[in-house]
Each structure stands twice: as structure tokens, then as C-alpha cells.
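# Topology and contacts: notes
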Amino acid sequence: MLKTDNLTKRFGSVVAADNVSIEIPEGEITGLIGPNGAGKTTLFNLITGFYTPSNGTVTYNGEDITDLAPHNISKKGISRTFQVPKPLSQLSVTENVVVGALGKGRGRQAAMEKANETLDRVNFQGDYSMAASSLNVGQLKRLEIAKAVATDPDLLMLDEAVAGLNPDERSKLVDVIQKLNDQGITILMVEHVMEVVMSLSNRVIVLHEGQVLTEESPEEVQDDDQVIEIYLGT
């Protein structure tokens, strides 16, 4: 479904992504882990067009999308969330999601219906008419996912979706992510909460210093001596 070949990003003398070649199969949940500074968010930004690569290519469903702008990549069927939720604070919850729903060429009424349907889909807890500025962390996380899902993605990229949530909130959001995958959305997720990565992922890619260290099943990753040494710890 998604493939990167020798994807590289340099910021001056710093190589944030170093010849990263990965494949994301359709229908699966793939975890992307690694220490802070390993290049995870840089890779997300390269795939979704927020960064232009210094070298390498991104292919989606057989099409080279390396040089496309973010909004055109979204139209191809890739959507993402951000580590720090970025709502339009003065708009309502529904209106925030409408922005994503309008991207598919819907009229305003159809986009409103799509927004409310999507908020139901992610089990948003709260009044849809409230201003986004009044939301708590858990609500903001679900709103961030709803905005992405409203674009009707085939591939959803989640950047630390459960960060900052308490165990109960985390468990409920894991259920939402699994449900979205069961409904046919392929997921690539960056996450530091190993319990979440290992329970959800079919496969885990480990980045270290901008390079792919290994790509294995969750069970194999947990037993990999290199991964334990640089990231998981004893």
C-alpha cells in the first residue's frame, strides 16, 4: 500500500531520516517506535508532504507521491494526526471536523452530517457544539482523530494518539483505533506507550538515529537484544 525507498531528510549536517525503506501493507496496524530523536515524526512529515525529502521516494498504491503537497496527499487517501492536537479553537467540535469533511468536495450540509457521524464513530464524549478551546486532553485526542477520519482515509497515520491519557482513557481510545482498523482503515502509528503498540500492532518498525533498526512482530521486537538495549530497557 505505502512504500518508501531510501527516504532521506537532512537539516544541514543533521540526518533526521537516513535511507529509510519501509512497506506498510493494506489492512494492518503497523507500529513505529524508537527513542526521542529517532526520526519518527520526520518520517511522518516526509510521507505526508510536510517535508520535502533530500533523497528517496514515497509510493502509495503504486503512484509516486513524493513531491505532492499535503492536501493532495490527503485526497489520495492518506490522513494523519499530530503529536500536539491543533484544533481551530474558536470553532465548535463539529465545525472542526467539518473542515476535514469538506476536503472530499462535499457541500456544507453533507459535511456537517459527515462530521457528526465521524464524531460518533470515534466515540467523542461531550457536546459537539462546544468550542474546541474548552476541551480536555482526552477530548482533544478524539477530535484530532475525527478530523483525520472525516477525510475518508484508506491509510490513517497516528502520531502519539494516546500520549497524556490516563489508563482508562487510553484503553477506550485503543478500542476506537482497533474498531477503525476493523472497518477497513490501514493504520501506521507512532507511539511510546509500549503496552498500546504491542497490543494493537501486527508488525513493529523500530527506528534509531534516523535508520530502520529492525522490523518484526511485536513478540520478536520485545525479545530483540538491540531494541532492548537502545529503547525498551531491561
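See the structure above.
Residues numbered from 1 in each chain as written. Predicted model: local features only at pLDDT ≥ 70, side-chain atom pairs only at ≥ 80, totals over all residues. Heavy atoms only, no water.

### Digging into empty space enclosed by the protein
One simple way to see leftover space: roll a probe sized like a water molecule over the atoms. Evaluated as defined, the whole model comprises one cavity of 30 Å³ or more. Of the voids in this model, the largest cavity is the one considered here, and its volume is about 50 Å³. Around the largest cavity, the lining residues are Thr81, Phe82, Pro85, Lys141, Glu144, Ile145, Asp159, Glu160 and Ala161. Here the lining of the largest cavity takes three residues from helix α5 (residues 137-149), the largest share from any one element. Its residues assigned to classes, the lining of the largest cavity comprises four nonpolar, one polar and four charged. (1 Å grid on protein atoms, 1.4 Å probe; cavity = no way out; pocket = protein on both sides within 12 Å on 5 of 7 lines; lining within 4 Å. Points joined across faces, edges and corners; volume = space filled by probe spheres on them. Helix = DSSP H or I, 4+ residues; strand = E, 2+ residues; numbered from the N terminus. Nonpolar A, V, L, I, M, F, W, Y, C, P; charged D, E, K, R; others polar.)

### Regarding the environment of Asn181
Inspection of the secondary structure puts Asn181 in helix α6 (residues 167-182). By relative accessible area, Asn181 is classed as buried at 11%. Note: C-alpha distance between Asn181 and Asp154 (27 residues apart in sequence) is 9.8 Å. Among residues more than four places away in sequence, those in contact with Asn181 are Gly27, Glu28, Ile29, Thr186 and Ile187. In terms of polar contacts, Asn181 uses its side chain to reach the backbone carbonyl oxygen of Ile185, at 3.0 Å. (Buried < 20%, exposed > 50% of the residue type's maximum accessible area, 1.4 Å probe, protein only. Contact = heavy atoms within 4.5 Å. Polar contact = N/O pair within 3.5 Å; in protein donor to acceptor, adjacent residues only side chain to side chain.)

### A few points about unusual backbone geometry
Its identity as a non-glycine residue notwithstanding, Asn19 has a phi of 55°, on the positive side. You can call Asn19 partly exposed: its relative accessible area is 42%. For Asn123, which is not glycine, the phi torsion reads 55° and is therefore positive. Tracing the backbone shows Asn123 in the loop between α4 (108-121) and α5. Looking at Asn123, the relative accessible area reads 35%, which means it is partly exposed.

### So, the pairing of strand β2 (residues 14-24)
With seven bridges connecting them, strand β1 (residues 2-11) and β2 associate as antiparallel partners. For Lys3, the partnering residue across the bridge sits in β2 and is Glu23. The hairpin turn running from β1 into β2, its antiparallel successor, is two residues long, and Gly12 in that turn takes a positive phi close to 65°. (Pairing = 2+ DSSP bridges.)

### Considering the side chain of Arg142
On the secondary structure map, Arg142 appears in helix α5. Asp175 provides the closest opposite charge to the buried, salt-bridge-free Arg142, at an N-O distance of 7.6 Å. Setting aside chain neighbours within four positions, we find Arg142 in contact with Val122, Asn123, Phe124, Glu169, Lys172, Leu173 and Val176. (Lys, Arg positive; Asp, Glu negative; His and termini not counted. Salt bridge = Lys/Arg side-chain N within 4 Å of Asp/Glu carboxyl O.)

### A look at the layout of surface pockets
In this structure, the largest pocket spans a volume of roughly 550 Å³. Taken together, 22 residues line the largest pocket, and the ones lying closest to its centre are Ser74, Ser79, Arg80, Lys147 and Thr151. Contributions of two or more residues to the lining of the largest pocket are made by α2 (70-76), β6 (78-80), α3 (93-101) and α5. Sort the elements by how many residues they give to the lining of the largest pocket and α2 lands first, with five residues. Split into classes, the residues belonging to the lining of the largest pocket amount to eight nonpolar, eight polar and six charged.

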